[in-house]
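# Inside the fold
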Amino acid sequence: VSSEATSFSFQALGTTATVAVTDPEALARAREMLERELEAIDLACSRFRPDSELVALNAAPGTEVRVSGLLLEAVRVALHAAEASGGLVDPTVGKTMRLAGYDRPMTVVRARDGRLFRPSFEPAAGWRTIQLDEARNTVRAPRGVELDLGATAKALVADRAARAAAAATGAGVLVSLGGDIAVAGEPPPGGWSIRLADDHAAPLDGPGPAVSVHSGGLASSGTTVRRWATAGGELHHIVDPRTGRPANSPWRTVTVAAASCVDANTASTAALVLGDGAPAWLDERRLPSRLVALDGSVACVGAWPAEAA
Amino acid sequence: MQTSPYPPGDAALARDAAAARLRRLTVGAFAGASALAVVFAGVASATTHHARKAVSVAKTAVTVTTLPAVNVSAPSATPPGGAVATAAPAAPAQAPAPAYSQPVVTSGGS
């Protein structure tokens, strides 16, 4: 049944972007809309593009900066994610990310000799320090605070693009950005089939379970893919805002299904940071989840389908 | 030409009279200077008092104009799409189910 869907993948935001539709005739339009969303979010939220709005915002600490509607929405979503996760997912980790060496696109970070880079870390200032004025379209970050919207911006684009493409084409649409997935419109019979792995770039026919999703979002956060070498050892990009250091988690990959891709991404990232308490935290929120421990053992939470041992 | 009221030769009396005039002049000058000092101190005090009032007024004005700009220190509760915000990530309408068809995409770390 899923053979009715047609998909297209390309590189964007330093990862893989995929759009799939239930009606092959809708693919070109859906792809075009996704590409437009990606270009817009990159220009608004990139930490690495010198012409991005976020770079300008981070360069003006203590100042009210007028921003575009898209950056305002991205910051609002990031702050909401922080509030919803009790601060486990916090956009004010930008400075510690930079100090830890993730200060340029990951391909460039990996290309340099990491042994020569000595990382340092700083606890996040906290999302409550960010002032957002919706009426005047301004954002203000205090001195010493740098925003990193990477945790939620990709998921936001997936939600926006899937919704917009489904509305414009009338087809069922799936958008995946590095394994953060949003679906909208009428799904294919049986739902969208999604394979699970530690790495979103793993082949579709590789080992591992697959689940079907009918609405909302599904996101995976992991510590095994986005890693880089430093003089202080190998680091990963899931930062614990409380310490400013890469989270020391018993989980290597967490996948969560939620009402939206943003919510799924928020929960999967929070679960990695939370560590041992993650299954209970996810269960309390009725979020179907799959957690893969460092030793490869799997824990399924809530209504997530059980897997054969 | 002014002449001395004292008999010629009585130099001691003339000297004493001159000294007395000098003392009176000195006391008078001192009293005048003191009076002027009091007057200037009063003027200075009054000037400073008015300046403090002006600063106080200015501070009040700044506070009034600044307050509206600080009205959003917490995030808006409106998530993308305009749906009603929830305090926590919202659960899906339908939980994932085992899939039996060919996957269209892989979810994993990136």
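Residues numbered from 1 in each chain as written. Chains lettered and ligands numbered in written order. Predicted model: local features only at pLDDT ≥ 70, side-chain atom pairs only at ≥ 80, totals over all residues. Heavy atoms only, no water.

## Considering the pairing of strand β2 (residues 105–109) of chain B
With five of five residues buried, β2(B) is to be regarded as a mostly interior element. Relative to β2(B), strand β8 (residues 192–199) of chain A is paired through four bridges, and the arrangement is parallel. The residue bridging A:Arg195 from the neighbouring strand is B:Thr106, located in β2(B). (Buried < 20%, exposed > 50% of the residue type's maximum accessible area, 1.4 Å probe, protein only. Helix = DSSP H or I, 4+ residues; strand = E, 2+ residues; numbered from the N terminus. Pairing = 2+ DSSP bridges.)

## Considering the environment of A:Ala158
All names here are of chain A. Residue placement: Ala-158 occurs in helix α6 (residues 150–169). Once the C-alpha coordinates of Ala-158 and Ser-176 are considered, the two residues, 18 residues apart in sequence, prove to be 6.3 Å apart. Once you skip the residues sitting within four places of it in the chain, Ala-158 turns out to touch Val-175, Leu-177, Asp-180, Ala-182 and Cys-261. (Contact = heavy atoms within 4.5 Å.)

## Brief notes about helix α1 (residues 27–45) of chain A
Residues and elements named next belong to chain A. When the terminal C-alpha atoms of α1 are compared, their 26 Å separation across 19 residues agrees well with the 27 Å that a helix rising 1.5 Å per residue should span. Here α1 has its buried residues at Leu-27, Ala-30, Met-33, Leu-34, Glu-37, Leu-38, Ile-41, Ala-44 and Cys-45. Along the axis of α1, the buried positions cluster into a sector of 140°, meaning they face one direction only. Next to the buried residues of α1 lie β1 (6–12), β2 (15–21), α2 (53–58), α3 (69–84), α6 and β6 (173–177). (Expected span 1.5 Å × (residues − 1). Arc of directions from axis to C-beta.)

## Here we look at the packing of α1(A) against α6(A)
All names here are of chain A. The geometry of α1 relative to α6 is characterised by a closest axis approach of 9 Å and an angle of 150° between their N-to-C directions. By the angle between their directions, the pair α1 and α6 is classed as roughly antiparallel. By crossing handedness, the relation of α1 to α6 is classed as right-handed. Here Arg-29, Ala-30, Met-33, Leu-34, Glu-37, Leu-38, Ile-41 and Cys-45 of α1 lie close against α6, whose contacting residues are Ala-153, Leu-156, Val-157, Arg-160, Ala-161, Ala-164, Ala-165, Ala-168 and Thr-169. Each residue belonging to the contact of α1 with α6 can be placed in one class, and the counts come to 13 nonpolar, one polar and three charged. (Axes fitted to C-alpha atoms, helices over the stretch in contact; angles between N-to-C directions. Parallel < 35°, antiparallel > 145°, perpendicular 65-115°, else oblique. Left-handed = near helix turned anticlockwise from the far one by under 90°. Nonpolar A, V, L, I, M, F, W, Y, C, P; charged D, E, K, R; others polar.)

## Let's talk about the interface of chain B and chain A
Across the boundary between the two partners, chain B contributes 36 residues, which contact 67 residues of chain A. Interface area for chain B against chain A, summed over the two sides, is near 4100 Å², with a carbon-plus-sulfur share of 58%. The interface formed by chain B and chain A holds zero salt bridges in total. Between chain B and chain A we count 18 residue pairs in polar contact (both at pLDDT 80 or more) in total. The set of elements that each furnish at least two residues to the side of chain B that touches chain A consists of β1 (97–98) and β2 of chain B. It is β2(B) that provides the largest number of residues to the side of chain B that touches chain A, a total of five residues. When its residues are assigned to classes, the side of chain B that touches chain A shows 22 nonpolar, 14 polar and no charged. (Buried area = accessible area lost by both parts, 1.4 Å probe. Salt bridge = Lys/Arg side-chain N within 4 Å of Asp/Glu carboxyl O. Polar contact = N/O pair within 3.5 Å; in protein donor to acceptor, adjacent residues only side chain to side chain.)

## Here we look at the nonpolar core
All names here are of chain A. Membership of the largest hydrophobic core comes to 53 residues, with the highest contact counts inside it found for Leu-34, Val-75, Leu-149 and Val-175. With near-sequence residues (within four places) excluded, Leu-149 lies in contact with Cys-45, Leu-54, Leu-71, Ala-74, Val-75, Ala-78 and Pro-91. Within the second largest apolar cluster, 22 residues are counted, among which are Ala-219, Ala-247, Ala-264 and Leu-272. (Core = buried A, V, L, I, M, F, W, Y, C linked by side-chain atoms within 4.5 Å.)

## Points about the pattern of salt bridges
Residue and element names in this part refer to chain A. In this structure the tally under the stated criterion is 21 salt bridges over all chains. The partner of Glu-73 in a salt bridge is Arg-160, with the nearest N and O atoms 2.6 Å apart. Highlighted residues: Glu-73 in helix α3 and Arg-160 in helix α6, separated in sequence by 87 residues. Judged by its relative accessible area of 24%, Arg-160 is partly exposed. The partner of Glu-307 in a salt bridge is Arg-290, and the shortest N-O contact between them spans 2.4 Å.

## Details of the sheet that holds β2(B)
Pairing is mixed across the open sheet formed by four strands, whose spatial order is β1(B)-β9(A)-β8(A)-β2(B). Taken across any chain shown, the strands that pair with only one partner, and hence form the sheet edges, are β1 and β2 of chain B. In this sheet, strand β9 (residues 210–213) of chain A lies alongside β8(A) in antiparallel orientation, the contact comprising four bridges. Residue pairing across strands places A:Arg195 opposite A:Ala210, the latter belonging to β9(A).

## Regarding the environment of A:Ala219
Locating A:Ala219 in the fold gives a position in strand β10 (residues 216–222). Residue A:Ala219 is classed as buried on the basis of its relative accessible area, which comes to 0%. For the pair A:Ala219 and A:Ala166, spaced 53 residues apart in the sequence, the C-alpha separation amounts to 20 Å. When residues no more than four places from it in sequence are discounted, the contact partners of A:Ala219 are A:Gly179, A:Asp180, A:Val254, A:Thr255, A:Val256, A:Cys261, A:Ala264, A:Asn265, A:Ser268 and B:Ser107.

Shape descriptors only; they carry no functional weight alone.
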